[in-house]
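Geometric and topological summary
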Amino acid sequence: MTENRWYKILSNTTPERPVDLDDVIAPSRESKTRGELLFPDMDLLPSTTLWERDAENHTNIGIRIRKKPEAVCEIARRLSAAAIERNVVPIILSRVDNCGFEQFGFRVERIPDEELAAKAAEEEIRKYWALAIILEGHEVAKLS
């Protein structure tokens, strides 16, 4: 993301939540189970040329979200400020559907709930995004 993108996230970040229109339109309707992320078990790795990226001077970091944070807005502000100040790009690794960072424009990767599958998925995503480090989401909220 460009630096202007992070400024936009910072300026548009608000603790206000959008109304879930599904609840307004059909409050008695049960929500469908969302899909699961499945990784194929294979020995061959896809060609890296499929995902060539421009050489940029930023570092990708992972933010692990195990449950939806109460202070998504505050964490989004901290991550956006870090992106601008330290030239890092946070990639959200979420084990919950709609963890809250989607509304701010962050890249969110969905991780399976089961622990073994989650570790395998995180390792694959870590390699793909070349994540320098993976931080726990609740720890980011404590940073000052």
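Nothing here was measured: the structure is a model prediction, and the numbers come from that model.

1. Quick word on the side chain of serine 80
- Looking at the secondary structure, you find serine 80 in helix 3 (residues 72-86).
- Sequence-distant contacts of serine 80, that is, excluding residues within four places in its chain, are made with Trp6, Ile9, Leu10 and Phe106.

2. Quick look at the packing of aromatic side chains
- Within the structure shown, the criterion is met by three aromatic pairs.
- Considering the side-chain rings of tryptophan 6 and phenylalanine 106, the 5.5 Å spacing of their centres and the 50° angle between planes classify their relative orientation as tilted. Of this pair, tryptophan 6 sits in helix 1 (residues 3-12) while phenylalanine 106 is found in the loop between strand 2 (88-94) and strand 3 (107-110), placing the two residues 100 residues apart along the sequence. Each member of the pair, tryptophan 6 as well as phenylalanine 106, is classed as buried.
- With a centroid separation of 5.8 Å and an interplanar angle of 85°, the aromatic rings of phenylalanine 101 and phenylalanine 106 are classed as edge-to-face. Pair check on accessibility: phenylalanine 101 and phenylalanine 106 agree, each one buried.

3. Thoughts on the environment of valine 88
- Its location among the elements puts valine 88 in strand 2.
- Residues valine 88 and asparagine 60 lie 28 residues apart in sequence; the distance between their C-alpha atoms is 5.6 Å.
- Apart from residues lying up to four places away in sequence, valine 88 is in contact with Thr59, Ile61, Ala82 and Ala83.

4. Comments concerning the nonpolar core
- By size, the foremost hydrophobic cluster in this structure holds 29 residues, and its most contacted members are Leu79, Ile92, Phe101 and Phe106.
- For this core, the element with the highest residue contribution is helix 3, accounting for seven residues.
- Among residues more than four places away in sequence, those in contact with isoleucine 92 are Ile63, Ile65, Leu79, Cys99, Phe101, Phe106, Arg107, Val108 and Glu109.

5. Topic: the confidence of the model for the protein chain
- Scored by pLDDT, the protein chain has a mean of 78; 72% of the residues are at 70 or more.
- Overall, residues 46-53 carries pLDDT values under 50, and its contacts beyond four positions in sequence, including any with other chains, amount to five contacts.

6. Regarding the pairing of strand 2
- Of all seven residues in strand 2, seven are buried, a share of seventy percent or more.
- Relative to strand 2, strand 1 (residues 59-65) runs parallel, the two sharing seven bridges. Looking across to strand 2, one finds that threonine 59 is bridged to valine 88.
- Crossover connection from strand 1 via helix 3 to parallel strand 2: handedness right-handed.

7. A short note on the sheet that holds strand 2
- In space, the four strands of this open sheet follow the order 3-2-1-4, with parallel pairing throughout. With partners counted over all chains shown, the strands left at the sheet margins are strand 3 and strand 4 (131-136), one partner each. When the angles between neighbouring strand axes are averaged without regard to direction, this sheet yields 30°.
- The strands touched by helix 3 are strand 1 and strand 2; relative to strand 2, the strand with the most contacts, the crossing angle is about 150°.
- Where helix 4 (residues 115-129) meets the sheet, it contacts strand 1, strand 2, strand 3 and strand 4, and its direction lies at approximately 135° from that of strand 4.

Basis of the calculations
Residues numbered from 1 in each chain as written. Predicted model: local features only at pLDDT ≥ 70, side-chain atom pairs only at ≥ 80, totals over all residues. Heavy atoms only, no water. Helix = DSSP H or I, 4+ residues; strand = E, 2+ residues; numbered from the N terminus. Contact = heavy atoms within 4.5 Å. Phe/Tyr/Trp six-rings, centres within 6.5 Å; stacked < 30°, edge-to-face > 60°. Buried < 20%, exposed > 50% of the residue type's maximum accessible area, 1.4 Å probe, protein only. Core = buried A, V, L, I, M, F, W, Y, C linked by side-chain atoms within 4.5 Å. pLDDT = per-residue confidence, 0-100. Pairing = 2+ DSSP bridges. Right-handed = clockwise from strand over helix to strand, strands pointing away. Axes fitted to C-alpha atoms, helices over the stretch in contact; angles between N-to-C directions.

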